[in-house]
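Remarks on the overall topology
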Amino acid sequence: MRNNLKLLAIIFSVVLNIVFIGARFYHRMPPHRITGQSQGGSCTIVGQLNLSPAQLTRFNRLRKSFHAFMKEQSDRIKTKQMEFIDLIARPKPNRRQLAAKQAEIWALQRKMQAKAAEHLLAENKIFTPHQRRIFFSIIRQRLEDSDARPGWMPRKQALSAAGGCP
């Protein structure tokens, strides 16, 4: 039973970290790729979806509140992660304190994941079936194209650690 709980905790942690990395990638995306303000002819989500003015208004309103939440939540998570590092850097780290801090981080990440799901469901209601297919195809492609590495790890180091070429 205890091994099953450990396995479930590990799986849950991995899933949350994947979602967190995806949300962070999404949050770091340049605004012009979302809002339709082209820079040098870049292809935007809005441009590809061909949203009506009413859809665009709803889409932008949802995005604005979502990005504000993601920024605040990312800042909270980063603060807790720094506190975790401070705890683990002690000469004799207290495992209970570490576990409690991890639980705080996971709770914030769960809240972020839930908000991301709510946001995608809300956006989903804006689109026509054709726009929905395009939108989720773009999201899927961007996730596939992103590299899953911590923000502090240089790309070259991540590739070397994975056995890839720089």
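Attention here is on the structure that accompanies the text. Predicted, not measured: the structure shown is a model, and the values here were computed from it.

Re the overall build of the protein
Scanning the protein from terminus to terminus reveals 7 helices and 0 strands. Taken across its 166 residues, the protein has 27% of its residues classed as buried. Put simply, 69% of the contacts in the protein that link residues at least 6 apart link residues at least 24 apart. When the accessible surface of the protein is summed, it comes to about 11,300 Å², and 59% of that surface belongs to carbon and sulfur atoms.

A closer look at the packing of helix 5 (residues 95-126) against helix 6 (residues 129-145)
Contact geometry of helix 5 with helix 6 gives a least axis separation of 9 Å together with a crossing angle of 145°. Residues Leu-120, Glu-123, Asn-124 and Ile-126 of helix 5 lie in contact with helix 6, whose contacting residues are Gln-131, Arg-132, Phe-135 and Phe-136. In the contact of helix 5 with helix 6, the residues fall into 4 nonpolar, 2 polar and 2 charged.

Describing the nonpolar core
In terms of nonpolar packing, the biggest core is built from 11 residues, these being Phe-66, Phe-69, Met-70, Ile-77, Phe-84, Leu-87, Leu-98, Ile-105, Leu-108, Met-112 and Ala-116. Those elements that provide at least two residues to this core are helix 4 (53-88) and helix 5. Of the residues forming this core, the biggest block, 6 residues, is contributed by helix 4. Core analysis: the second largest hydrophobic core is formed by 10 residues, Leu-51, Phe-59, Phe-127 and Ile-139 among them.

How each quantity is defined
Residues numbered from 1 in each chain as written. Predicted model: local features only at pLDDT ≥ 70, side-chain atom pairs only at ≥ 80, totals over all residues. Heavy atoms only, no water. Helix = DSSP H or I, 4+ residues; strand = E, 2+ residues; numbered from the N terminus. Buried < 20%, exposed > 50% of the residue type's maximum accessible area, 1.4 Å probe, protein only. Contact = heavy atoms within 4.5 Å. Areas by Shrake-Rupley, 256 points an atom, 1.4 Å probe, with all protein chains shown as cover. Axes fitted to C-alpha atoms, helices over the stretch in contact; angles between N-to-C directions. Nonpolar A, V, L, I, M, F, W, Y, C, P; charged D, E, K, R; others polar. Core = buried A, V, L, I, M, F, W, Y, C linked by side-chain atoms within 4.5 Å.

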